[in-house]
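Residue strings, one per chain:
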Amino acid sequence: MRAEIQTVVQEIEKSLELLRQRMDWDTAKHRLEEFNARVEDPNLWDDPAKAQKLMRERQSLVDAIDTHDAINQEMSDNIELIELGEMEGDNEVIGEAESALKSLKEKAGAKELEALLNGEADANDTFLEINAGAGGTESCDWASMLARMYVRWAEKRGYTVELQSESAGEEAGIKSAAYKISGHNAYGWLKSESGVHRLVRISPYDSAAKRHTSFSSVWVYPVVDDDIEIEVNPADIRIDTYRSSGAGGQHVNTTDSAVRITHHPTGIVVTSSEKSQHQNRDIAMKALKSRLYQMELDRRTADINAAHEAKGDAGWGNQIRSYVLQPYQMVKDLRTNVETSDTKGVLDGDLDQFMAATLAMTVSGKSRAEAQGED
């Protein structure tokens, strides 16, 4: 077997070893047997919330074991094919198996990275908020482009996307939008997207065809599990109802049922504009608890946040990514230096390379400066 392919196999084996470490391989099969026994308990669903949590934990373990075994088997099969091809002098078989191993290396690396999503809330569903910055119509249009980008990304992963609230721009786009994105590790992947996103392009709204710079902010926080206790003092909040107005089409909502909750101690404001006022109260309260929970997570990871948010404050200094459409095509993450000229692909939801690089940086503990290769 060629030295290059031996190196590829070694990389796959390293990824498999990390996967085994993350799931505590020595006890994984035993824990799965315990899960299976508990699932068969006829009283399990007496407590639906507890049962659902158990089923999620079991499925997560099953997926981890299956992923490891599938990669290991595919690696072994292709090594055998290479050895067989070498014995028989069949270069076509050797070439196909080597190509398969190279692809498997990329897949194993992605699964290795996904295994790093073991934070306290990484597996949770997530709320995602987008707000247009200063710049009027330009920023509102950019905010709507970001919303489309994240919806596309989520749909490609098979996640469920629910629009929680939306405020239309005066001429185009949106002033703000809030989504709930549901799926395994939704928060773990999206948490790296919080920050300010900068767009440079020739404005379609400028008759002089001048280049404009627009900013929009993204805020991501986990949906709080029902078993996590977050106390909210009723005296600390104000609940307002108002008439909602969406962007038109399927998002039209002109009832007085929309709900806004303001949390005075922190200044957090959350909204929901579904059809039922009672439903909106529940959704908004859950969103508030999630925001408060996120603040607690941030306090626990203050060092990482300080490294990632070293530039600027809540204004437009804290840029995490730049999207340049004119005079050249480039999307660049300012934390990791990952960049691509495929701007169309990124705006269509191809974000995994940016998320993966930031996740790896977070796990390695590198600062923004170190990631950028600065002294």
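What you see is a predicted model; the values in this text were computed from it and never measured.

### Some thoughts on the confidence of the model for the protein chain
Chain-level pLDDT for the protein chain is 84 on average; 86% of the residues reach the 70-or-more range. In the model of the protein chain, helix α11 (residues 368-371) stands out as the element of lowest mean pLDDT, 42, in contrast to helix α9 (residues 343-347), which has the highest, 97. Across residues 246-254, confidence stays below pLDDT 50; counting only partners more than four residues off in sequence or on other chains, it has 15 contacts. Contacts from residues 366-375, a stretch scored under 50 in pLDDT, to residues over four places away or in other chains number 21 contacts.

### Notes on the packing of aromatic side chains
Evaluation of the coordinates by the stated rule reveals three aromatic pairs. Their ring planes at 40 degrees and their centres at 5.4 Å tell us that F127 and Y221 sit as a pair that is tilted. Of this pair, F127 sits in strand β1 (residues 126-132) while Y221 sits in strand β5 (residues 211-222), and the two are 94 residues apart along the sequence. On the basis of relative accessible area, F127 is assigned to the buried category, the value being 5%. Using a relative accessible area of 1% as the deciding quantity, one classes Y221 as buried. Taken together, a centroid distance of 5.7 Å and an interplanar angle of 70 degrees make the contact between W153 and Y159 edge-to-face. With respect to class, W153 is no different from Y159; both count as buried. Its end group placed over the ring of Y242, R260 keeps NZ or CZ at 4.3 Å from the ring centre.

### Description of the side chain of H263
By the secondary structure assignment, H263 is in strand β7 (residues 258-263). Residue class for H263 comes out buried when judged on its relative accessible area of 7%. Non-local contacts of H263, meaning those with residues more than four positions away in its chain, are made with V232, D236, I237, I268, L288 and L292.

### Digging into the sheet that holds strand β6 (residues 237-242)
Taking strand neighbours across the sheet as the criterion, the three strands line up as β6-β7-β8 in an open arrangement whose pairing is antiparallel. With partners counted over all chains shown, the strands left at the sheet margins are β6 and β8 (268-272), one partner each. Across the sheet, the mean angle separating the axes of adjacent strands is 15 degrees when strand polarity is ignored. Both β7 and β8 contribute to a ladder of five bridges, which runs antiparallel. In the strand pairing of β8, R260 is matched with T271.

### Focus: the pairing of strand β3 (residues 174-182)
Regular strands place side chains that alternate from one sheet face to the opposite one. The buried fraction of β3 is high, at seven of nine residues. One ladder, built from six bridges, connects β1 with β3; its direction is antiparallel. Bridge pairing in β3 places N131 opposite S176. Alignment of strand β2 (residues 160-168) against β3, held across eight bridges, turns out to be antiparallel. Looking at the pairing, V161 lines up with I181 of β3. Counting the residues between successive antiparallel strands, the hairpin from β2 to β3 contains five residues, one of them, G173, with a positive phi of roughly 65 degrees.

### Here's the deal with the packing of helix α1 (residues 3-22) against helix α3 (residues 48-88)
Relative to each other, α1 and α3 sit at 160 degrees, their axes nearing to 10 Å. The orientation of α1 with respect to α3, classified from their angle, is roughly antiparallel. At the point where α1 passes α3, the crossing takes the left-handed sense. Across the interface between the two elements, I5, V9, I12, E13, L16, L19 and R20 of α1 pack against H68, I71, N72, M75, I79 and I82 of α3. Here the contact of α1 with α3 is composed, by residue class, of nine nonpolar, two polar and two charged.

### Details of the pattern of salt bridges
Pairing is possible between side chains of opposite charge, provided their charged atoms come close. Per the stated rule, a full pass over the model turns up 20 salt bridges. Salt-bridge contacts for E193 lead to R321; the nearest nitrogen and oxygen are separated by 2.7 Å. On the criterion of sequence distance, the pair formed by E193 in the loop between α6 (186-190) and β4 (195-202) and R321 in strand β9 (residues 319-324) is long-range, its members being 128 residues apart. Of the residues examined, E193 reaches a relative accessible area of 0% and is grouped as buried. By relative accessible area, which is 0% here, R321 ends up buried. Notably, a salt bridge pairs D348 with K344, separated by 3.1 Å at the nearest N-O pair. With relative accessibility at 15%, the residue D348 sits in the buried group. Within this structure, R2, E4, E98 and K102 form a network of salt bridges that share partners.

What counts as what
- Residues numbered from 1 in each chain as written.
- Predicted model: local features only at pLDDT ≥ 70, side-chain atom pairs only at ≥ 80, totals over all residues.
- Heavy atoms only, no water.
- pLDDT = per-residue confidence, 0-100.
- Helix = DSSP H or I, 4+ residues; strand = E, 2+ residues; numbered from the N terminus.
- Contact = heavy atoms within 4.5 Å.
- Phe/Tyr/Trp six-rings, centres within 6.5 Å; stacked < 30°, edge-to-face > 60°.
- Buried < 20%, exposed > 50% of the residue type's maximum accessible area, 1.4 Å probe, protein only.
- Lys NZ or Arg CZ within 6 Å of the ring centre and 35° of its normal.
- Pairing = 2+ DSSP bridges.
- Axes fitted to C-alpha atoms, helices over the stretch in contact; angles between N-to-C directions.
- Parallel < 35°, antiparallel > 145°, perpendicular 65-115°, else oblique.
- Left-handed = near helix turned anticlockwise from the far one by under 90°.
- Nonpolar A, V, L, I, M, F, W, Y, C, P; charged D, E, K, R; others polar.
- Salt bridge = Lys/Arg side-chain N within 4 Å of Asp/Glu carboxyl O.

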